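Listed below, chain by chain, are the residues.
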Amino acid sequence: MTNPVPVKILRYTALLGSGMLAGVALTVLFLELALRDLNGPEYVRVRQAEYAPFTWFIGVLLVPTFVAVLLLTLRARSERTPELPLLAWAFGLILVALVVSLVVNGPINVEQTDWSVTSPPGDWASVRDRWQIAHAVRTVALVLAFGCLSAAALDRPLGPSHP
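Residues numbered from 1 in each chain as written. Predicted model: local features only at pLDDT ≥ 70, side-chain atom pairs only at ≥ 80, totals over all residues. Heavy atoms only, no water.

Colleague: Provide a residue-level description of the overall build of the protein, including the pertinent values.
Modeller: Looking only at helices and strands, the protein features four helices and zero strands. Moving toward the C terminus, one meets the helices and strands of the protein in the order α-α-α-α. Looking at the protein residue by residue over its 163 residues, the buried ones come to 37%. Of the side chains in the protein, 12 bear a positive and 11 a negative charge, and the two mean positions are spaced by 11 Å. (Helix = DSSP H or I, 4+ residues; strand = E, 2+ residues; numbered from the N terminus. Buried < 20%, exposed > 50% of the residue type's maximum accessible area, 1.4 Å probe, protein only. Lys, Arg positive; Asp, Glu negative; His and termini not counted. Charge placed at Lys NZ, Arg CZ, Asp CG, Glu CD.)

Structure below.
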C-alpha cells in the first residue's frame, strides 16, 4: 500500500476512532463511579437507558477503527516500517478491549436489559462490580492503544528534507 492517500485515511481513521473510543470509555468509567452511590432500582434504570444508544455508537466507532489499525499493522509488517511495534501493540490492545467487551461487558449488558427496575436481582451489585472492573480493563487498553497510535503517527519521518 504505497499510495499515500489510503494510508492517510487509515491513519486518520485509526487515530480519530481510537481517540473517540478512549474518550467514551473514560467518560463511562467516571459515570460508573458516580453510579456506585445509586440503589438497585436507580442503577438498573440508568443502565437500561444507556444500553441502546451506546451499543450502536460503540459498534460504529469500533469496526472502522479495528479495520484501520489492522490494515496499518499489516502494511507496516509487509513494508518493515519502524511504526510496526507501536501499531502491533495498538492492535493487540484494541483486540483486548474487544474480547473483554464480548466476554464480560456485552453479556452483562444483555442480562441487565431483562432486569426489573422495581426489583433488581439480589446480586445486582456484584454484577455491577464485575461490569465495572471489566470496563476499567478495556478503558486502560483503549487509552494505551490511542497512545500507541499517536506515538506511531508522531514518530513518522516527515519525508525528504528540503534544502
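Colleague: If you had to explain empty space enclosed by the protein to someone new, which residues and values would you point to?
Modeller: Evaluated as defined, the whole model comprises one cavity of 30 Å³ or more. The wall of the largest cavity is formed by 10 residues, among which Arg11, Leu72, Leu87, Leu149 and Ala152 lie closest to the centre. Breaking the lining of the largest cavity down by element, the ones donating at least two residues are helix H1 (4-35) and helix H4 (124-154). Split by residue class, the lining of the largest cavity holds seven nonpolar, no polar and three charged. (1 Å grid on protein atoms, 1.4 Å probe; cavity = no way out; pocket = protein on both sides within 12 Å on 5 of 7 lines; lining within 4 Å. Points joined across faces, edges and corners; volume = space filled by probe spheres on them. Nonpolar A, V, L, I, M, F, W, Y, C, P; charged D, E, K, R; others polar.)

Colleague: Break down the layout of surface pockets for me, citing the residues and quoting the values.
Modeller: Of the pockets and cavities examined, the largest pocket occupies roughly 540 Å³. Along the wall of the largest pocket there are 23 residues; nearest its centre are Phe54, Ile58, Ser101, Asn109 and Arg138. For the lining of the largest pocket, the secondary structure elements donating two or more residues are H1, helix H2 (40-79), helix H3 (84-113) and H4. A total of eight residues in the lining of the largest pocket trace back to one element, the largest contributor, which is H2. Its residues placed into classes, the lining of the largest pocket shows 13 nonpolar, seven polar and three charged.

Colleague: Break down the packing of aromatic side chains for me, with residues and values.
Modeller: On inspection of all chains with the given rule, the structure shows three aromatic pairs. Measuring from ring centre to ring centre gives 5.7 Å for Tyr43 and Trp124, while their planes differ by 35°; the resulting arrangement is tilted. Here Tyr43, found in helix H2, pairs with Trp124, found in helix H4; they are 81 residues apart in sequence, far enough to count as distant. Each member of the pair, Tyr43 as well as Trp124, carries the same accessibility label: buried. Between Phe66 and Phe91 the ring centres are 5.1 Å apart and the planes differ by 40°, which places this aromatic pair in the tilted class. Pair noted here: Phe66 is in helix H2 and Phe91 is in helix H3, with a separation of 25 residues, a long-range link. (Phe/Tyr/Trp six-rings, centres within 6.5 Å; stacked < 30°, edge-to-face > 60°.)

Colleague: Just give me the short version of the packing of H2 against H3, but keep the residues and values in it.
Modeller: Each pair of packed helices can be summarised by the angle the axes make with each other and by the distance between the axes. Direction vectors running N to C along H2 and H3 enclose 155°, while the axes themselves pass 10 Å from each other. Judged by the angle between their axes, H2 and H3 are roughly antiparallel. By crossing handedness, the relation of H2 to H3 is classed as left-handed. Taken together, the residues that form the contact of H2 with H3 break down as 17 nonpolar, six polar and two charged. (Axes fitted to C-alpha atoms, helices over the stretch in contact; angles between N-to-C directions. Parallel < 35°, antiparallel > 145°, perpendicular 65-115°, else oblique. Left-handed = near helix turned anticlockwise from the far one by under 90°.)

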